[in-house]
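Secondary and tertiary structure notes
So the chains spell out like this:
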Amino acid sequence: MIEAVDIYRKMILIRRFEELLLELFSAGKLSGTTHTYVGQEPVAIAVASHLGPGDCVFSNHRCHGHYIAHTGDIEGLLAEIMGRTGGVCGGRGGSQHLHRGNFYSNGIQGGFMPIVVGMALAEKKRARGNVVVAFIGDGTLGEGAVYEALNMAALWSVPLLVVVENNRYAQSTPITLGVAGSIPDRGRCFGLSVGESDGWDVTGLTARFGTLVAQVRNEGRPHMEVVETYRLNAHSKGDDTRATMEVAAFRARDPVEHWGRGLPPGLRAAVDAEVAGRLAETLAAVEAMPLAQLAEVG
Ligand SMILES: Cc1ncc(C[n+]2csc(CCOP(=O)(O)OP(=O)(O)O)c2C)c(N)n1
């Protein structure tokens, strides 16, 4: 069972890492773009707490939280986003295109879903007891490839967990304008088992994903979990068209802040200081690395 303080350490590491990214972006020190996961941290941690090294994770454009929760590798990630040779992909993949071990991310909405099903089918045939997890957003439900993939996943009965992070917006489009009908029904219509969970209930979410990962692993059939959540920051950097009042109401419910308030203040301050120190050291190490050169692309 993951301790409350460890959950906070992981959540605040993701939060502060991304705040640092936004600062670096404003200072002109980042290559490419960056989409932050601010507000959604409990989801990545709840899923990651139940996966082993043989399990496979596919993530999307909003991948930093998933990557840090699964690997803890902030140096490789920061170096990657800053275009340095020590980056997880040599500084050439950038924010959205990460690969380390069994972790993959891709910025094309839904583009990895057919690949994910193929990986899950391979795991089924190898019978090693591994699961494949795919994180997609509500806006990605507009991609046809997602439905072809869900159809095959159900038909072939593969060990796949699809986590739909419903943060209510696809860039600037609210789900009311982009998603007809019910999101859970979109999984049910293919015969997947489907559940819904609350992205603010950190304890409940962690327990829920424990049950789901075990279910997918033991029964070897796909499940789709729709997690209600909210991104507290802009879609990528400054592109936020949401009502200020709405964002403020969700900011008042910030799950990371709320969880931190549940810890003894001294313990929380110690973790905050530890994370700040770790980030400062990481930034210094990354800034000392050489920039990746195009000529190195093989
Ligand atoms: C195939 C494709 N179309 C459009 C885009 C541009 N795009 C990047 S993120 C995004 C919105 C995605 O919304 P959602 O799936 O809800 O994820 P969220 O950003 O809310 O986490 C879009 C349209 C893209 N990356 N890929």
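Throughout what follows, the structure given in this document is the object of discussion. Computed from a prediction, not measured in an experiment: that's the story for all the values here. (Residues numbered from 1 in each chain as written. Predicted model: local features only at pLDDT ≥ 70, side-chain atom pairs only at ≥ 80, totals over all residues. Heavy atoms only, no water.)

A count of helical and extended segments in the protein gives 12 helices and 9 strands. Against the globule reference of 19 Å for 298 residues, the protein gives a C-alpha radius of gyration of 19 Å, in line with a compact fold. Principal axes of the C-alpha set define a box for the protein whose edges measure 50 × 50 × 40 Å. Taken over 298 residues, the protein has a buried fraction of 51%. Counted over contacts in the protein with a minimum sequence separation of 6, partners at least 24 positions apart contribute 76%. Of the accessible surface of the protein, which amounts to about 12500 Å², a share of 55% is contributed by carbon and sulfur atoms. In the protein, 27 side chains carry a positive charge and 32 a negative one; their mean positions are 3 Å apart. (Helix = DSSP H or I, 4+ residues; strand = E, 2+ residues; numbered from the N terminus. Rg over C-alpha atoms; globule rule 2.2 N^0.38 Å. Buried < 20%, exposed > 50% of the residue type's maximum accessible area, 1.4 Å probe, protein only. Contact = heavy atoms within 4.5 Å. Areas by Shrake-Rupley, 256 points an atom, 1.4 Å probe, with all protein chains shown as cover. Lys, Arg positive; Asp, Glu negative; His and termini not counted. Charge placed at Lys NZ, Arg CZ, Asp CG, Glu CD.)

The way to describe two aromatic rings as a pair is by their centre distance and the angle between their planes. Tallying each qualifying case throughout the model produces 7 aromatic pairs. Between Phe 58 and Tyr 104, the aromatic rings sit 5.0 Å apart at their centres with planes inclined by 15°, giving stacked as the arrangement. Placement of the pair is Phe 58 in strand S1 (residues 56–59) and Tyr 104 in strand S3 (residues 103–105), with a sequence separation of 46 residues. Ring centres of Tyr 67 and Phe 103 lie 5.2 Å apart, and the angle between their planes is 80°; this geometry places the pair in the edge-to-face category. (Phe/Tyr/Trp six-rings, centres within 6.5 Å; stacked < 30°, edge-to-face > 60°.)

What follows covers the sheet that holds strand S5 (residues 160–166). The strand order S2-S3-S1-S4-S5-S9-S8 describes an open sheet built from 7 strands, whose pairing is mixed. Looking at the sheet topology across the chains shown, the edges are occupied by strand S2 (99–100) and strand S8 (193–198). Inspection of the sheet shows strand S4 (residues 132–137) paired to S5 by 6 bridges, in the parallel sense. Paired with Ala 134 across the bridge in S5 is Val 162. Running over the sheet, helix H3 (residues 64–71) touches S1, S2, S3, S4 and S5 and is turned about 175° from S3. (Pairing = 2+ DSSP bridges. Axes fitted to C-alpha atoms, helices over the stretch in contact; angles between N-to-C directions.)

Tallied over the entire structure, the rule returns 15 salt bridges. With a shortest N-O distance of 3.1 Å, Glu 287 and Lys 29 are connected by a salt bridge. On the criterion of sequence distance, the pair formed by Glu 287 in helix H12 (residues 265–287) and Lys 29 in the loop between helix H1 (4–26) and helix H2 (41–48) is long-range, its members being 258 residues apart. Here Asp 73 makes a salt bridge to Arg 100, at a shortest N to O gap of 3.2 Å. (Salt bridge = Lys/Arg side-chain N within 4 Å of Asp/Glu carboxyl O.)

The next point concerns helix H4 (residues 74–81). For H4, the buried fraction is high: 7 of the 8 residues fall into the buried class. If you check which residues of H4 are buried, you get Ile 74, Gly 76, Leu 77, Leu 78, Ala 79, Glu 80 and Ile 81. Buried residues along H4 sit in contact with H1, H3 and H12. Backbone geometry just after H4 places Gly 83 at a positive phi near 65°.

Next up on the list: the pairing of S4. In terms of residue burial, S4 counts as a mostly covered element, since 6 of its 6 residues are buried. Side-chain alternation along S4 places Val 132, Ala 134 and Ile 136 on one buried face and Val 133, Phe 135 and Gly 137 on a second face that is also buried. Two elements, S1 and S4, share 3 bridges in a ladder whose sense is parallel. Following the sheet pairing, Val 57 is matched in S4 by Val 133. Chirality of the crossover, the property in question, places the unit of S4, helix H6 (residues 144–156) and S5 among those that are right-handed. (Right-handed = clockwise from strand over helix to strand, strands pointing away.)

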